Amino acid sequence: MERSPDGLPTKIIKMIDEEIKIQIDGLALRQEISEKDNWLPDVDGSTHYAPYRHQVEMRDIIEQNDRFVAMNTTITGGGKTFSYAVPVMRNNMNVVVVFPTNALTADQSRSIAELASEYFPNKNAFVCELTADRMQEKREEEREKGNLSPRTMQNGSQVRRALDDAYKNPGPSFILTNPDILTGILRGDYNQEARQELEMMDMMVVDEFHHARPKGKNSLIMSMDELYHRDDSRCNLKRFVLLSATPDETIEKQLSEYFGNSDDLYHRVDSTQHSKPVSQLSVDKKEPYNPVMPQVNTTFIGSRPFSTKRKITSDQYFDRILSFLKSGRSIVIVDGVAEVNEVYIALSDAIDDRRVEPISGLRSENMADKLNNADIIIANSTVEVGVDIGNIENLVFTGFNASRFMQRLGRLRADKDMIRKSAVCFTSPDALQTFKSFGEMEKH
């Protein structure tokens, strides 16, 4: 078989260079108009809107049950955060929320604080991030003040103080953390006082549960199972919410094995029966459906993992990608830190009239400012999980498996006046071959 200079068979090279175009339909969720006055308070100057059906179901589960396990699998952008945060605010609950990344923790901290400020200004909400990064920032802040006491400086002291402040707060309290710190609290790494205060919380939420490693998923489920079956006089924590836009098929089985599949204990919440494709929305008739995922005109280009940077910066694609990114606010999501750096350098050198910013595990400083204000963002998986990027019109990304493809495509949200957007996806030759079986796809 003939081979190219880089050793790849010429047949594979041809497949990698092929393209396919398709319009991916969007999705709209049904709003429960009759529940409009039973959702968010009517606050002057703030939008008063009706909730989605899954939000109503989650609200009722949380407010009407003192013990349960609930899995919300609504699509990305469908308001899963509000599905638990609003009832927590309404009922002055204390909740611990577990996130897979520090970036998502910081982003959700801002979202929850904004929800409290806009709709529950009199609730005295307490929102605290418990991550290694945030605790290091706290130490640096205290050093600048000249406060070097162990009570302030040590992680254990910060963990115990946060849990104590949450417990004593008369309003709603949110402790936002990650699986490692949660496990440490449960193991007693921060002494038994911290564990006891965690056990007095009203509810535990695990966000983006599908992103946990297999071992981490098992550890979280086992921890919830232990807390659930712990004597009521010693543990108040009997409510558990799992949020997962793309759940693993084995999760429900695991939950049933640990908790049992009793109808009054385990609840599966999604929006399958309360949604419709954007293409089926009536143009001239008002319907109680709100688009949350836009229609996306998507170009699929053959590529390989960790080689997309070479394609983007190549003579074959660079000018084309450059023109695409300049046509609206855009984000490029590639596979690794090295790719972020190389693509950022190439694009920033070529674009002098728009703000281009990199975001990765090593370049995440001023992230909120970049997410809100940059014209073009170059990022890796740091921003693929739930982080609010704002109004993005164009997306360039790699998607080499179904879960990652859907997660990254979900970065495009339907806006009020824009339900059609554009994307370029670099994917595997095998995926291109699969797409060819669909008649509606146009080969380039």
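The coordinates are above.
Definitions and cut-offs
- Residues numbered from 1 in each chain as written.
- Predicted model: local features only at pLDDT ≥ 70, side-chain atom pairs only at ≥ 80, totals over all residues.
- Heavy atoms only, no water.
- Helix = DSSP H or I, 4+ residues; strand = E, 2+ residues; numbered from the N terminus.
- Buried < 20%, exposed > 50% of the residue type's maximum accessible area, 1.4 Å probe, protein only.
- Contact = heavy atoms within 4.5 Å.
- Areas by Shrake-Rupley, 256 points an atom, 1.4 Å probe, with all protein chains shown as cover.
- Polar contact = N/O pair within 3.5 Å; in protein donor to acceptor, adjacent residues only side chain to side chain.
- Core = buried A, V, L, I, M, F, W, Y, C linked by side-chain atoms within 4.5 Å.
- Axes fitted to C-alpha atoms, helices over the stretch in contact; angles between N-to-C directions.
- Parallel < 35°, antiparallel > 145°, perpendicular 65-115°, else oblique.
- Left-handed = near helix turned anticlockwise from the far one by under 90°.
- Nonpolar A, V, L, I, M, F, W, Y, C, P; charged D, E, K, R; others polar.
- Phe/Tyr/Trp six-rings, centres within 6.5 Å; stacked < 30°, edge-to-face > 60°.
- 1 Å grid on protein atoms, 1.4 Å probe; cavity = no way out; pocket = protein on both sides within 12 Å on 5 of 7 lines; lining within 4 Å.
- Points joined across faces, edges and corners; volume = space filled by probe spheres on them.
- Pairing = 2+ DSSP bridges.

Asker: How should the overall build of the protein be read in this particular structure?
Answerer: Assigned secondary structure in the protein consists of 17 helices and 18 strands. Relative to its full complement of 444 residues, the protein shows a buried share of 53%. Nonlocal contacts in the protein, meaning residues at least 24 apart in sequence, comprise 73% of its contacts between residues at least 6 apart. With the model as given, the accessible surface of the protein reaches about 20,600 Å², and the carbon-plus-sulfur share is 45%.

Asker: What am I meant to see in the side chain of N72 here?
Answerer: Checked against the element boundaries, N72 lands in strand 3 (residues 68–72). At 3.1 Å, the side chain of N72 forms a polar contact with the side chain of H54. Side chain to side chain, N72 and T74 meet in a polar contact 2.8 Å long. The contact partners of N72, leaving out residues within four places of it in the chain, are H54, M58, K80, S83, L242, L243, S244 and V269.

Asker: Can you help me understand the nonpolar core in this one?
Answerer: Across soluble globular proteins, nonpolar side chains have a tendency to be buried as a group. Core analysis: the biggest nonpolar cluster contains 54 residues, and Y84, F174 and M203 have the highest contact counts within it. Looking at this core, the element that brings in the most residues is helix 4 (residues 102–119), giving 6 residues. Setting aside residues no more than four positions away along its own chain, Y84 makes contact with I62, V97, F99, I112, F174, M203, V205 and L243. Judged by nonpolar contacts, the second largest core, of 38 residues, contains F126, M135, I221 and Y266.

Asker: Explain the packing of helix 3 (residues 80–90) against helix 4 here, please?
Answerer: Between two packed helices, the angle of one axis relative to the other and the distance separating the axes together describe the packing. Between helix 3 and helix 4, the shortest axis-to-axis distance is 11 Å and the interhelical angle comes to 45°. What the angle tells us is that helix 3 and helix 4 run oblique. In this structure, the crossing between helix 3 and helix 4 has a hand that is right-handed. Here T81, F82, Y84, A85, V86 and M89 of helix 3 come into contact with helix 4, specifically with Q108, I112, L115 and A116. Classifying every residue of the contact of helix 3 with helix 4 by side-chain character gives 8 nonpolar, 2 polar and no charged.

Asker: Got a minute to help me understand the packing of aromatic side chains in this structure?
Answerer: Between two aromatic rings, the relevant description is the distance of the centres plus the angle of the planes. In this structure the tally under the stated criterion is 3 aromatic pairs. A centroid spacing of 6.2 Å and a plane angle of 80° characterise the contact between Y317 and F426, whose relative ring orientation is edge-to-face. Note that Y317 is positioned in the loop between helix 12 (308–312) and helix 13 (318–326) and F426 in strand 17 (residues 420–427), a separation of 109 residues in sequence. Given a relative accessible area of 0%, F426 falls into the buried group.

Asker: What is the right way to read the layout of surface pockets from this model?
Answerer: Unoccupied space between atoms shows up once a probe the size of one water molecule is rolled over them. Each pocket or cavity is described by its volume, and for the largest pocket that value is around 1,500 Å³. G77, G79, F82, D388 and R413 are the residues nearest the centre of the largest pocket, which is lined by 43 residues in total. If you list the elements that add at least two residues to the lining of the largest pocket, you get helix 3, helix 4, strand 11 (289–293) and helix 15 (367–373). A total of 9 residues in the lining of the largest pocket trace back to one element, the largest contributor, which is helix 4.

Asker: Any chance you could explain the sheet that holds strand 10 (residues 275–277) here in plain terms?
Answerer: Strand-to-strand pairing in sheets goes through backbone hydrogen bonds, with the strands running parallel or antiparallel. Across the sheet, which stays open at both edges, the 3 strands sit in the order 10-2-11 with antiparallel pairing between neighbours. What marks the edges here is a single partner per strand, and that holds for strand 10 and strand 11. Strand-to-strand, the axes of this sheet are offset by a mean angle of 35°, without reference to chain direction.

As far as function goes, none of this settles anything; it's purely spatial.
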